[in-house]
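Residues per chain, in single letters:
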Amino acid sequence: MAPDTIEAALAAPPDHPQFLVTFDDGYTDVAEHALPILTDLGISCVHFLISDAVETGQCKGIPAPRAPFLDRKGIADLTASGHRLGAHSRSHARFDTLDAAELARETDQDTFAYSCDRGAARRLFAYPYGALPRSGLSLAPNTLAFATASVPARAWDKAPQAIRRTFLPSDDIDSWPKLTDHWRRSWNP
Ligand SMILES: [Zn+2]
């Protein structure tokens with residue numbers, strides 16, 4: 001689905017299976033390698049950005065990034081190409097290790113500075129490592145948050161809004177066919 005149709009899909013379940021492509025962390029290699037291919041396929045995506053990384057090029061939680069982080073110019077190019085931005089914390093800390101004050105800092109208004117694009121009804125957030133806080137974090141009600149949970153897959157027609165997230169590791173491309181085959185089979189009734 002196009003990223004700006006997320007709100008409509010939440011309000012009324014779509015009548016056929018759909019998928020959304022998302023990228024975490026905001027690396028320049030995504031813009032260099034993945035986006036030209038996705039553009040050719042007519043697919044626009046959600047990019048979850050770490051605010052410290054956008055502002056300074058560095059991020060405490062990822063001290064040795066695999067590629068440079070996108071800067072303001074890079075993310076402006078993304079939105080100009082129809083992609084949507086979400087927040088991915090301030091420093092990419094694991095939320096299940098943080099206290100209340102640290103959680104508040106990792107999700108404050110500055111963290112979402114890059115995600116309030118195009119007047120969308122919801123702001124998007126992806127927990128670093130998919131890890132939920134142990135307790136104590138309440139995001140604003142208009143936030144759609146993505147986390148990781150191991151639960152049995154449910155067929156699409158039984159749970160059309162129980163959105164699954166399948167992680168495709170960039171350093172293990174050989175695993176992708178198996179991961180995506182499982183995804184397709186799990187969504188079939
Ligand atoms: Zn991440």
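Source: prediction; values computed, not measured.

About the thresholds
Per chain, residues are indexed from 1 in the order of the written sequence. Local features are withheld for residues below a pLDDT of 70 in this predicted model, meaning they are given only at 70 or higher, and side-chain atom pairs are given and counted only at 80 or more; totals for whole chains, interfaces and linings count all residues. Here a strand is any run of E in DSSP of at least two residues, a helix any run of H or I of at least four, and the numbering for each starts at the N terminus. We take the radius of gyration over the C-alpha atoms and set the globule estimate at 2.2 Å times the residue count to the 0.38 power. With C-beta atoms placed from the backbone, the exposure class of a residue follows from how many other C-beta atoms lie within 10 Å of its own: 20 or more, buried; 12 or fewer, exposed; in between, partly exposed. Residues are defined as contacting one another if the C-beta atoms placed from their backbone atoms lie within 7 Å. Expected helix span is given by 1.5 Å per residue-to-residue step, counting one fewer step than there are residues.

S.K.: Even after reading the chapter, I still don't get the overall build of the protein chain, so can you show me in this structure?
M.R.: For the protein chain, the helix and strand inventory stands at six helices and five strands. Against the 2.2 N^0.38 benchmark of 16 Å for 189 residues, the protein chain shows a C-alpha radius of gyration of 16 Å, consistent with a compact globule. Considered along the principal axes of its C-alpha atoms, the protein chain spans approximately 45 × 40 × 35 Å. Buried residues in the protein chain amount to 25% of all 189 residues. In the protein chain, of all internal contacts separated by at least 6 residues, the share reaching a separation of at least 24 is 65%.

S.K.: I would appreciate a short explanation of helix α2 (residues 28-41) in the present structure.
M.R.: Between its first and last C-alpha atoms α2 spans 20 Å; for 14 residues at 1.5 Å apiece the expected length is 20 Å, and the two agree. Within two residues after α2, Gly42 carries a phi angle of roughly 75°, on the positive side.

S.K.: Please explain the environment of His47 as it appears in this structure.
M.R.: Summarising the element assignment, His47 is placed in strand β2 (residues 46-49). Residue His47 is classed as buried on the basis of its C-beta count, with 29 C-beta atoms lying within 10 Å. Residues His47 and Thr22, spaced 25 residues apart in sequence, show a C-alpha to C-alpha distance of 5.7 Å. Not counting residues within four places of it along the chain, the set of residues in contact with His47 comprises Phe23, Gly26, Leu78, His83 and Leu85.

S.K.: Explain unusual backbone geometry here, please?
M.R.: The general pattern is negative phi for most residues beyond glycine and trans for most peptide bonds. A positive phi is found at Asp25, a non-glycine position, where the angle reads about 85°. Inspection of the secondary structure assignment puts Asp25 in the loop between β1 (22-24) and α2. Although it is not a glycine, Ser89 adopts a positive phi angle of roughly 85°. Inspection of the secondary structure assignment puts Ser89 in the loop between β3 (84-87) and α5 (100-106).

S.K.: What am I meant to see in the environment of Lys158 here?
M.R.: Position of Lys158 relative to the elements: it lies in the loop between β5 (143-146) and α6 (176-187). The spatial distance from the C-alpha of Lys158 to the C-alpha of Ser138 is 29 Å, given a sequence separation of 20 residues.

S.K.: When you look at the environment of Ala100 in this model, what are you seeing that I'm missing?
M.R.: The topology assignment puts Ala100 in helix α5. Overall, the presence of 11 C-beta atoms within 10 Å leaves Ala100 in the exposed class. Residues Ala100 and Leu137 lie 37 residues apart in sequence; the distance between their C-alpha atoms is 7.0 Å.

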